[in-house]
Every structure is written in structure tokens, then in C-alpha cells.
Amino acid sequence: MKQQEEDKKREEAELLQPELMSNIERMQQEFLNCSDIMYRNCSTGGVNRATLMYLDGMCDTHAVEEFVLQPLLAHFRKNSGEDEEGKGEELKRIFIPTLQIRAVHETNEVVKAILRGETAIFTEGNASVMLVNLVKMETRSIEEASSEKAVRGPRDAFMETLRTNTSLLRRRIRSSKLKLECMTVGSVTETDIVIGYMEGIAKESLVKEVRDRLQKIEIDGVIHSSNIEEYIEDNVFSPFPQIQNTERPDVAVSSLLEGKVVIITDNTPFVLIVPMTYWSGLQAVDDYTDRFMYATFVRWIRYTFVHISLLLPSLYVALTTYHLQVIPTPLVVSIASAREGVPFPAVFEAFIMEFIFEGLREAGIRLPQQVGPAVSIAGALVVGQAVVAAGIVSTPLVIIVSLTGIASFAFPIYNLGTAYRMLRFPLLIVAGILGFYGIVLFLIVLTVHMVTLNPFGVPYMAPYAPLSVDNLSDVFVRAPKPKMRKLMPWLGKGKLERFPKRNK
């Protein structure tokens, strides 16, 4: 009985009251010490008839003045002396020029609406508040993607505004089959998140799994999309990313048409795509805008450089330490003469140079844009020349580290490149201890780990493991688009055609 009485009192405390001043005092207590909350009283005949509340900086004040304040004052002058009780629908009609109008009765709903940028209208004698959506926030214009460059692709990119991002998808998919479900994550920030998928293409089990994982997130704040990435991925201890992120709308749309699900987070320009496979992380936008022969050739170059970035320093260490018989004699003599006087073993020498190179790369990223590239390039030249002249490292190793650094820039997706950069160091240590045997053992363990990854029920190495012959036309080669008609069976359902047949 006592619990029921407490619940009843709590519900009454959350409901608005007919007395205007009682509601305003409650709001003032809620927004105590919030200098950006604005109050505007509407008075006629010396009596306060209504109060407007809005958040300065997130509300279009000119629209509030024109479409809310002026009609409201005109209404009060016309009905001067009359009681406003029960006139909620009449007040609603005078705000017809505004697009979204709704009435709420709970204090919490009013607080959330004001914090979203809506204007709240409290009137005397009404136990409800009219909320008018006149949100206007300062945003940057749509710009070109900075992290995913393309020669021939579109030049627009996602931005920090949620509805702008969803509109970029709607511009490309003009179909009601594109579903955009909204939810809120973060007990303090209450960040809006949109789940996008194509009805009839994406599997219901995949959409349900994404929705369930997002709803289970218990976190105070979501500042950007990476805050929720680790909460929903299958194996957080894997070095490989299992969720793709992109700032290109065309990449997100292509993923939607393949049966994947996109997650759009408010206040961040990076959209998450689930699930991610290893091969999709090695595919670039230009693979699908260039002719298939050139796209295939460039893809082979990219795959070669990707594996060079992982294996080259370790192969050099293994060869020069344990397997000199594999190297031609003239090259052995050249390497030996270059390493004469170097006090460190090859593995320690390579480890030092790789560590310095990664530090220079990180410094170049963190410095201002005007000086960052210049400092990183100058630092690499100066440090490389100095360590060779001082006899700390050999000239061949400087060449190896430079080629490895250049190869590491060939990754289309940044976080997949960081995984390889990180794995390079343990592979160096294993190669220095066991030589070729250590490299092979490391690659076997790495391959087993990648094959066992199963993000959102989709094999990470698909379509090679398990094998799907119909989908091999877009892995090592990029076949002509009329030949790439099949979607992966783990993603799509129903219609499995990726591209329509060519009319003959």
C-alpha cells in the first residue's frame, strides 16, 4: 500500500499542473544555473497569460518571434479577460505555419524537448505544454570525404547532423523499402541513433541482432560512433575491425543494397556498417567507378602492398639472421658490408626503426595541418640520415622500413591498416627468435583467428571461408558488373541479384 502511494505521488510529480507559475517554478528548478535557457512571458492587461521556454543557440529565434510569439500575443489581445482553460486545441490552430506541433503532459518530456531545441509554450489553466519544433543549430556545410578519397566518385560526405545524413541516403535510395529506425542511447547525453536497412534484402535476424545489441548498451554518454562500436562487436580483443566505418554516403548505400545494416549516430560524420568482412575492408570506392580491368590491376597492387606492410621487415630479419643461404651471394656481401659496425642485431635494429617511424607518423597526424606533413617528412629524412651516419642502423634496413611505411598507406580503411601496423611488431619478435618457422607459425595462428571470427553471424573471411563460388567475382578480381549479380547468402535474402541483367 505504501509503495502504491509513493508511485502515485511520483506520477503526480511528473505531470504538469494547470497553474502556470507552478510549472514555471518546476522548470526553473530543473534548469537551475543554466544560463542558455530563455524565458519569455506573454502578458496582457498586466496578467501573465503564457511563458515561452527555449534553448538559446539551438532554436530559430526569428521563427519563434514570427510564428509563435506574435500569433500568441494577438490571440491573447483578442480574447482579453477570457479564461484559457481547455483552449489547447484553439492555441494549436494559431501555430499552423509551424511544421511540427504536439502537446505533452509530463515534465520529463518537456525537459527532453527543450534540450533538443524545441520551444515549449506554458499557458495558464492548461495542464499540458505545446511543443513547437523550430530547431536551428549551426552546422558546417557538406564537404568532401577526407579519409576516403576517390578519383571518380561523389564528392559529398556525411556530417554531424543526423537528419542531414539520413537525407543523403534518401537522395540515393528513393524507395519506401529503406527503413530508418530511431532510438536513443546514453543515459545522460540521450544521443539519437538511426538503424538503416533495406526491407526485403537485409535479413530480419541481422536487423534484430543489431537492434538488440544497441538496446542493451548501458552508457552515460555517446560522443561519437566509436563509443558504441566496442559495445556491439563480437570480439573486442581481436586486432581486426569487425565493424566498418565510412563517411561516404555512396559506400553506405552500396552496403545497404548488399543486405548490410548501417548505424547513424548524431553528432558524428562517421557511419557504422555491420557486418564487416575482411575483403570488404580491402575494397576501395574506385574499384567500382573505374573499368573492371584497371580496377582488378589496382586491386592486385593493393593486396601486394598490404602484405608487404606486414611481412617485409620480418622477412628481412629472418633472412639476415637465420637463412642467409636463401639470399644470392652478391646481395649477402652487400648487406654484410652495410651492416659492418652496427652494434645491434637485425631484429632490434628493425624494431627501433619501426618504432621511430610510427612515432613520426603519429606526430604528423597530431600536429596542425599546415606543419604536420612537413615535420613528418623532414623528421624521417633527418632521423634516417642521422642513424645511418652514426652507424646505429644499416642502409638496407632504412630502405625496408621506408617501403613498409609506403605500403601501409595502401589500405582503403584506416582501422584495418592500424591492425596490420600493430601486428608487425609481434611478428618481428617471432621472426627474430624462430626465423621463417616463426613467421609461418604466426601466419597460421593469424589465419585461424580470422577464420573463426563471425561478426553478426557472417563469416569474416567470406566468401573464401566458407567458400561461395558465386561471390568470388568481387574478391581478387573485380569482374564486370553484369557478372556480379549474386549477393552473399549470409547477408541478402529473397532477391539475391546485386545488379540487374543487361538488356540485350
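See the structure printed just above.
In this text the structure is predicted, and so the values were computed from the model without any measurement.

At a minimum axis distance of 10 Å, the contact between helix 6 (residues 162–172) and helix 9 (residues 249–257) shows a crossing angle of 60 degrees. Here helix 6 lies oblique to helix 9, going by the angle between them. Here the hand of the crossing between helix 6 and helix 9 comes out right-handed. The segment helix 6 lies against helix 9, with Leu-168, Leu-169 and Arg-172 engaging Pro-249, Asp-250, Ala-252, Val-253 and Leu-256. A per-class count over the contact of helix 6 with helix 9 returns 6 nonpolar, no polar and 2 charged.

In this section: the packing of helix 2 (residues 20–30) against helix 5 (residues 107–116). The interhelical angle for the contact between helix 2 and helix 5, taken along N-to-C directions, is 55 degrees, at an axis separation of 11 Å. The orientation of helix 2 relative to helix 5 falls into the category oblique. In the crossing of helix 2 with helix 5, the sense of the turn from one axis to the other is right-handed. Mapping the contact onto sequence places Arg-26, Met-27 and Glu-30 in helix 2 and Thr-107, Val-110 and Val-111 in helix 5.

With antiparallel pairing, the 5 strands of this open sheet are ordered in space as 6-7-9-10-8. For this open sheet the edge positions go to strand 6 (178–185) and strand 8 (244–246), each flanked by a neighbour on one side alone. Taking the axes of each pair of neighbouring strands and ignoring which way they run, one obtains an average angle of 25 degrees across the sheet. In this sheet, strand 10 (residues 271–274) lies alongside strand 8 in antiparallel orientation, the contact comprising 3 bridges. The partner of Gln-244 across the bridge, within strand 10, is Ile-273. Sheet contacts for helix 9: strand 6, strand 7 (191–198), strand 8, strand 9 (261–265) and strand 10; angle to strand 7, the most-contacted strand, approximately 50 degrees.

Cut-offs and rules
- Residues numbered from 1 in each chain as written.
- Predicted model: local features only at pLDDT ≥ 70, side-chain atom pairs only at ≥ 80, totals over all residues.
- Heavy atoms only, no water.
- Axes fitted to C-alpha atoms, helices over the stretch in contact; angles between N-to-C directions.
- Helix = DSSP H or I, 4+ residues; strand = E, 2+ residues; numbered from the N terminus.
- Parallel < 35°, antiparallel > 145°, perpendicular 65-115°, else oblique.
- Left-handed = near helix turned anticlockwise from the far one by under 90°.
- Contact = heavy atoms within 4.5 Å.
- Nonpolar A, V, L, I, M, F, W, Y, C, P; charged D, E, K, R; others polar.
- Pairing = 2+ DSSP bridges.

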